[in-house]
Amino acid sequence: DADQDGNDDVYILDLMTDIDTQRVVTYRGPITSSTPAITTSLGSAKTNAYRSLEVGDWGESQSSISGACTDDDIFLLRSEGVDYSTGQTTNPGNDDNVSIIEFNCLTNLYPTQYQYGTNQVNTHTINMATVFSNDFDIGDMSGNGVTDAIVLNDGNLENVTYTTSSGVGVWAAP
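In this report, the structure presented in the accompanying data block is examined. Worth saying up front: this structure is predicted, and the values here are computed from it rather than measured.

Examining the sheet that holds strand β13 (residues 159-167)
Move 1: In spatial order, the strands read β11-β12-β13-β14; together these 4 strands make up an open sheet with antiparallel pairing. For this open sheet the edge positions go to β11 (136-139) and β14 (170-171), each flanked by a neighbour on one side alone.
Move 2: The sheet contact formed by strand β12 (residues 149-154) and β13 spans 6 bridges and is antiparallel. By the bridge assignment, aspartate 154 is partnered in β13 with asparagine 159.

Spelled out as structure tokens, the structure:
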């Protein structure tokens, strides 16, 4: 229940059957056979592969037509590009960037597409300064409903890298 309305919401990080095109598919509750999908294309895995997804509030203030809204932003762990048909790295880099895609309270939608490196409005990137990670988590340490901590497991080293936020968009060095 990402938006705290009492209904389950479903977020899926998806690799299409062409084993290249990635997307996030969201179903906002209540879920029925006619619940529409909200799809955000993430582009080719050969450019950037997305490994993990979390949902939380980035902290920007937004309101809808009816007033304040619960802002469920998508946090994605982004890594180097991979050609899944061959298993080869196609765009070398570290597996440590967290991309944030903001929910729009006025339209009740996410952007239809996201492309890293385009300085797209309502998106953010946090470099966690570690070479390899398969997973991450976000948290609200202060209890105010806003994500203020991001934690990565550093590959197979049993180390943890984290960063905390003191305000919207203000993150400490990991």
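Next, the rest of the story.
Digging into the packing of aromatic side chains
Move 1: Scanning the entire structure with this criterion turns up 3 aromatic pairs.
Move 2: Between phenylalanine 103 and tyrosine 110 the ring centres are 5.0 Å apart and the planes differ by 65 degrees, which places this aromatic pair in the edge-to-face class. Of the two residues, phenylalanine 103 and tyrosine 110, neither departs from the other in class, the shared state being buried.
Move 3: Ring pairing ties together the aromatic residues Tyr11, Phe103 and Tyr110, which thus form one cluster.
Move 4: The ring centre of tyrosine 116 lies 3.2 Å from the NZ or CZ of arginine 78, which sits over that ring.

As for the sheet that holds strand β2 (residues 21-27)
Move 1: Strand order in this open sheet of 3 strands is β1-β2-β3, and the pairing throughout is antiparallel. Strand pairing shows two members of the sheet lacking a second neighbour, β1 (10-15) and β3 (38-44), which therefore form its edges. Averaged over all neighbouring strand pairs, the angle between strand axes comes to 15 degrees, with direction disregarded.
Move 2: Bridge analysis of β2 against β3 gives 6 bridges, and the strand direction is antiparallel. If you follow valine 25 over to β3, its bridge partner there is threonine 39.

Thoughts on the environment of aspartate 135
Move 1: Turning to its location among the elements, aspartate 135 is positioned in the loop between β10 (123-127) and β11.
Move 2: Placed 133 residues apart in sequence, aspartate 135 and alanine 2 show a C-alpha to C-alpha distance of 19 Å.
Move 3: Once residues lying within four places of it in the same chain are set aside, the contact partners of aspartate 135 are Ser52, Leu77, Leu152 and Asn153.
Move 4: At a separation of 2.7 Å, a polar atom in the side chain of aspartate 135 contacts the side chain of serine 52.

Notes on a nonpolar patch on the surface
Move 1: A surface patch of nonpolar side chains, about 210 Å² in accessible area, is lined by Val10, Ile12 and Ile31.
Move 2: Inspection of the secondary structure assignment puts isoleucine 31 in the loop between β2 and β3.

So, the pairing of β11
Move 1: Residue alternation in β11 divides its side chains into a buried set, Phe136 and Ile138, and an unburied set, Asp137 and Gly139.
Move 2: One ladder, built from 4 bridges, connects β11 with β12; its direction is antiparallel. Following the sheet pairing, isoleucine 138 is matched in β12 by isoleucine 150.

Some remarks on the side chain of aspartate 154
Move 1: As for its placement among the helices and strands, aspartate 154 is situated in strand β12.
Move 2: Arginine 51 is the oppositely charged side chain nearest to the buried, salt-bridge-free aspartate 154, at an N-O distance of 13 Å.
Move 3: A polar contact of 3.3 Å, which involves the side chain of aspartate 154, links it to the side chain of threonine 130.
Move 4: Non-local contacts of aspartate 154, meaning those with residues more than four positions away in its chain, are made with Thr130, Phe132, Asn159, Val160 and Thr161.

Comments concerning the nonpolar core
Move 1: Counting 13 residues, the largest nonpolar core has Val24, Leu42, Leu53, Ile74, Leu76, Ile101 and Tyr110 as its most contacted members.
Move 2: Secondary structure elements with two or more residues in this core: β3, β4 (48-56) and β7 (73-83).
Move 3: Residues in contact with leucine 76, not counting those within four places in the same chain, are Leu13, Val24, Leu42, Tyr50, Ser52, Leu53, Asn97, Val98, Ser99, Ile101 and Phe136.
Move 4: Counting residues in each nonpolar core, the second largest holds 12 residues, with Leu77, Ile100, Phe136 and Ile138 among its members.

Parameters at a glance
Residues numbered from 1 in each chain as written. Predicted model: local features only at pLDDT ≥ 70, side-chain atom pairs only at ≥ 80, totals over all residues. Heavy atoms only, no water. Pairing = 2+ DSSP bridges. Helix = DSSP H or I, 4+ residues; strand = E, 2+ residues; numbered from the N terminus. Phe/Tyr/Trp six-rings, centres within 6.5 Å; stacked < 30°, edge-to-face > 60°. Buried < 20%, exposed > 50% of the residue type's maximum accessible area, 1.4 Å probe, protein only. Lys NZ or Arg CZ within 6 Å of the ring centre and 35° of its normal. Axes fitted to C-alpha atoms, helices over the stretch in contact; angles between N-to-C directions. Contact = heavy atoms within 4.5 Å. Polar contact = N/O pair within 3.5 Å; in protein donor to acceptor, adjacent residues only side chain to side chain. Patch = residues over 30% accessible without salt bridge, like charges linked within 9 Å, V, L, I, M, F, W, Y side chains within 5 Å. Areas by Shrake-Rupley, 256 points an atom, 1.4 Å probe, with all protein chains shown as cover. Salt bridge = Lys/Arg side-chain N within 4 Å of Asp/Glu carboxyl O. Lys, Arg positive; Asp, Glu negative; His and termini not counted. Core = buried A, V, L, I, M, F, W, Y, C linked by side-chain atoms within 4.5 Å.

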